[in-house]
Amino acid sequence: MTVRDEILGANEQYASEFDKGDLKGPPARRFGVVTCMDARLDPAKFLGLSEGDAHVIRNAGGLVTDDALRSLVISHHELGTQEAFVIGHEGCGMIGLSNEHMHEKLGAAAESTDFLGFADLDEAVRGSVRKIHESPLLPESFDATGFVYDVGTGRLRQVT
């Protein structure tokens, strides 16, 4: 059985018991989360979320990139979110990742790409929170808080 077959089978099981077709698009708890795509992170579980509770934006490093910010702006102005949580994590593969390494690995086609690696996890989270606070596209009332998730314990630590 292929992975594709496995996920289609799992989806069939999920759909057979699905009862959430009446959920609304705006998140019920009026917040968004920006976190890493790392498979060890399940933000719904470690934040106690159910379908429809929050917008979750994931990318390599859990950074507030221009695209993540675009999603937060839409989330706020079109769907009513009032705050965001930026959640980095211990052991992130983006810590220490250099553009030079990726450019060497991928060749000329990657030379203009910034892979957004970082050296300091807390500072990366703080920078993402700052990017939200400083955005002219979000009101001053839109709040943002940063956290680091510990993949070894499952606990969050606030970054100040």
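Look up: the structure comes first, before these words.
Residues numbered from 1 in each chain as written. Predicted model: local features only at pLDDT ≥ 70, side-chain atom pairs only at ≥ 80, totals over all residues. Heavy atoms only, no water.

1. Focus on the pairing of strand β1 (residues 31-36)
So, step 1. Most of β1 is tucked away: six of the six residues are buried.
So, step 2. Summarising the sheet, β1 and strand β3 (residues 83-89) pair through five bridges and their orientation is parallel. Bridge pairing in β3 links F31 to E83. (Buried < 20%, exposed > 50% of the residue type's maximum accessible area, 1.4 Å probe, protein only. Helix = DSSP H or I, 4+ residues; strand = E, 2+ residues; numbered from the N terminus. Pairing = 2+ DSSP bridges.)

2. Things to note about the nonpolar core
So, step 1. Within the largest apolar cluster, 34 residues are counted, with the highest numbers of intra-cluster contacts made by I87, F118 and I132.
So, step 2. Mapped by element, the contributors of at least two residues to this core are β1, β2 (54-59), α3 (66-79), β3, α5 (121-134) and β4 (143-149).
So, step 3. The leading source of residues in this core is α5, at five residues. (Core = buried A, V, L, I, M, F, W, Y, C linked by side-chain atoms within 4.5 Å.)

3. With respect to the side chain of D38
So, step 1. Within the secondary structure, D38 sits in the loop between β1 and α2 (43-46).
So, step 2. The class of D38 is buried, set by a relative accessible area of 17%.
So, step 3. Apart from the residues lying within four places of it in its own chain, the contact partners of D38 are R58 and H89. (Contact = heavy atoms within 4.5 Å.)

4. Brief notes about the packing of aromatic side chains
Within a pair of aromatic rings, the relevant descriptors are the distance that separates the centres and the angle that separates the planes.
So, step 1. Tallying each qualifying case throughout the model produces four aromatic pairs.
So, step 2. Relative to F85, the ring of F31 lies with its centre 5.3 Å away and its plane at 75°, an arrangement referred to as edge-to-face. On the criterion of sequence distance, the pair formed by F31 in strand β1 and F85 in strand β3 is long-range, its members being 54 residues apart. When sorted by exposure, F31 lands in the same class as F85, which is buried.
So, step 3. Taken together, the ring pairs connect F31, F85 and F147 into an aromatic cluster. (Phe/Tyr/Trp six-rings, centres within 6.5 Å; stacked < 30°, edge-to-face > 60°.)

5. With respect to unusual backbone geometry
So, step 1. Even without a glycine there, the phi angle at R30 is positive, about 60°.
So, step 2. Checked against the element boundaries, R30 lands in the loop between α1 (3-16) and β1.
So, step 3. The class of R30 is partly exposed, set by a relative accessible area of 43%.
So, step 4. Notably, L116 is not glycine yet its phi reads approximately 60°, a positive angle.
So, step 5. Tracing the backbone through its elements, the reader meets L116 in the loop between α4 (99-106) and α5.

6. Side note on the sheet that holds β2
So, step 1. Spatial strand order, β2-β1-β3-β4-β5: five strands in an open sheet with mixed pairing. A single partner strand is all that each edge strand has here, and the edge strands are β2 and β5 (156-159). The mean angle between the axes of side-by-side strands here comes to 25°, regardless of whether they run parallel or antiparallel.
So, step 2. Packing of α3 onto the sheet brings it into contact with β1, β2 and β3, and relative to β2 it is tilted by some 170°. (Axes fitted to C-alpha atoms, helices over the stretch in contact; angles between N-to-C directions.)

Just geometry here; none of it tells us what the structure is for.
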